[in-house]
Amino acid sequence: SQMLFGSFDTTMPAVFNAIGPSPDPAPDFEGAGAVDIDGNAYALVNTGDFYSVDIDTGVYTLLGTLAPPAGETWVGLEFDSSTGTLYGVSGVINTGSTLSTIDIGALTATPVGATGMLGAVAFAIDGASVGYAFDIVDDQIYSIDLTTGAATALGPAGFNGNFGQGMGYDINSDTVFMTAFNATVFDSEFRSVNTTTGATTLVDQMEPAALTQYAWVGIPEVRDNDLCDDAMAVACG
């Protein structure tokens, strides 16, 4: 399968605009990525390869290797828009996961603490510096304390999740969104997240004419006419 970096309009997520290919071929998986409020994108591959990504051209620049906590794989990446701090979530399905802070310049990850989640696969941080994650084992949305890493179950997401998922915070609408893979319909969906109850609401199916999986999603604040209402994402299809 091929992984492509691209964009889609958050109000019309059925149309994905491919910009360029991910540089790491299968079986490597670009499962974590984030965009800061200025539109700077970063991506993490399961091997630990850490890239900056030009959101206009799709060109990836390898920054180095960012090692997760021992034995874990990166599954989520997000900036805290209030502080500019980059956080990552890593884990092993059915075993556990860890929240870390990431120093881009030093290429280091410093564990904050264990989340207590068994199946974390997607991660976002809202404007109040509260983390959120989707657990693929119990299909619930959790809040995450960024100071301790501890996760608290909010409630069922309302769909049967499978494979990789993406999650990101839209500072423009104060909304957490998901690029979800719904195993019941066996395809990708764009969903908004109720950060009080954990329930998600379907916005639309993503690329309904093709079977795709969206590994991560990031939503910049600074936009030009070409990026109006756009989210940046990586699709696997």
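In this convention, every chain numbers its residues from 1, walking through the sequence in written order. Totals for whole chains, interfaces and linings use every residue, but because this is a predicted model, local features are given only for residues with pLDDT of at least 70 and side-chain atom pairs only at 80 or more, for both listing and counting. Excluding hydrogens and water, the side-chain values take into account all heavy atoms of the structure.

## A short note on unusual backbone geometry
Phi at Ser-129 takes a positive value of approximately 65°, unusual for a residue other than glycine. Secondary structure counts use DSSP, requiring at least four H or I residues in a row for a helix and at least two E residues in a row for a strand, with both numbered from the N terminus. Inspection of the secondary structure assignment puts Ser-129 in the loop between strand E11 (120-125) and strand E12 (131-135). Here Ser-129 falls in the partly exposed class, since its relative accessible area comes to 26%. Positive phi is not limited to glycine here, since Phe-163 has a value of about 60°. The cut-offs for exposure are 20% and 50% of the maximum accessible area for each residue type, with area from a 1.4 Å probe on protein chains only; residues under the lower value are buried, those over the upper are exposed, and the others partly exposed.

## Structural notes on the nonpolar core
Only buried residues count toward a nonpolar core. Its members are Ala, Val, Leu, Ile, Met, Phe, Trp, Tyr and Cys residues joined through side-chain atoms within 4.5 Å. In terms of nonpolar packing, the biggest core is built from 15 residues, with Phe-134, Ile-141, Phe-159, Met-167, Val-176 and Met-178 touching the most fellow members. The set of elements that each furnish at least two residues to this core consists of E11, E12, strand E15 (166-170) and strand E16 (175-182). What makes two residues a contact is simply this: any of their non-hydrogen atoms within 4.5 Å. Ile-141 has contacts with Ala-133, Phe-134, Thr-152, Ala-153, Leu-154, Gly-155, Ala-157, Met-167, Met-178, Val-193, Gly-198 and Thr-200, leaving out every residue within four places of it along the chain. Core analysis: the second largest hydrophobic core is formed by 14 residues, Val-35, Ala-41, Val-45 and Ile-55 among them.

## Describing the side chain of Asp-9
Looking at where Asp-9 falls in the secondary structure, it is placed in strand E1 (residues 3-9). Under this definition, polar contacts are N or O atom pairs within 3.5 Å; protein pairs additionally need one hydrogen-donor-capable and one acceptor-capable atom, and for neighbouring residues in sequence, both atoms have to be side-chain atoms. Among the polar contacts listed, one links the side chain of Asp-9 to the side chain of Thr-11, at a separation of 2.6 Å.

## Some details on the sheet that holds E15
Here, a strand pair is defined by DSSP locating no fewer than two bridges between the strands. In spatial order, the strands read E15-E16-E17-E18; together these four strands make up an open sheet with antiparallel pairing. Edge positions in the sheet fall to E15 and strand E18 (200-205), since each of these pairs with one other strand and no more. The sheet shows a mean angle of 30° between the axes of neighbouring strands, direction not considered. As paired elements, E16 and strand E17 (residues 187-193) share seven bridges and run antiparallel to each other. Within E17, the position partnered with Ala-180 by the bridge is Glu-189. Interaxial angles span 0 to 180 degrees and are taken between N-to-C directions of axes, which are lines fitted to C-alpha atoms, for helices over the stretch in contact.

## Points about the pairing of strand E13 (residues 140-144)
With four of five residues buried, E13 lies mostly within the body of the structure. Looking at chain direction, E12 and E13 are connected through five bridges and run antiparallel. Each residue of the ladder has a partner; that of Gly-131, found in E13, is Ile-144. The antiparallel hairpin formed by E12 and E13 contains four residues in its connecting segment, where Asp-139 sits at a positive phi of about 55°. Note: E13 against strand E14 (residues 151-156), five bridges, orientation antiparallel. Residue Ser-143 lies in a different strand from E14, and its bridge partner there is Thr-152. Linking E13 to E14, which pair antiparallel, is a turn of six residues; within it Gly-149 sits at a positive phi near 90°.

## Some remarks on the sheet that holds strand E6 (residues 60-65)
Pairing in this open sheet of four strands is antiparallel, and the strands run E3-E4-E5-E6 from one edge to the other. Edge positions in the open sheet fall to strand E3 (32-35) and E6, since each of these has one partner strand only. On average, adjacent strands in this sheet sit at an angle of 20° to one another, irrespective of strand direction. The pairing of E3 with strand E4 (residues 41-44) spans four bridges and is classified as antiparallel. Within E4, the position partnered with Val-35 by the bridge is Ala-41.

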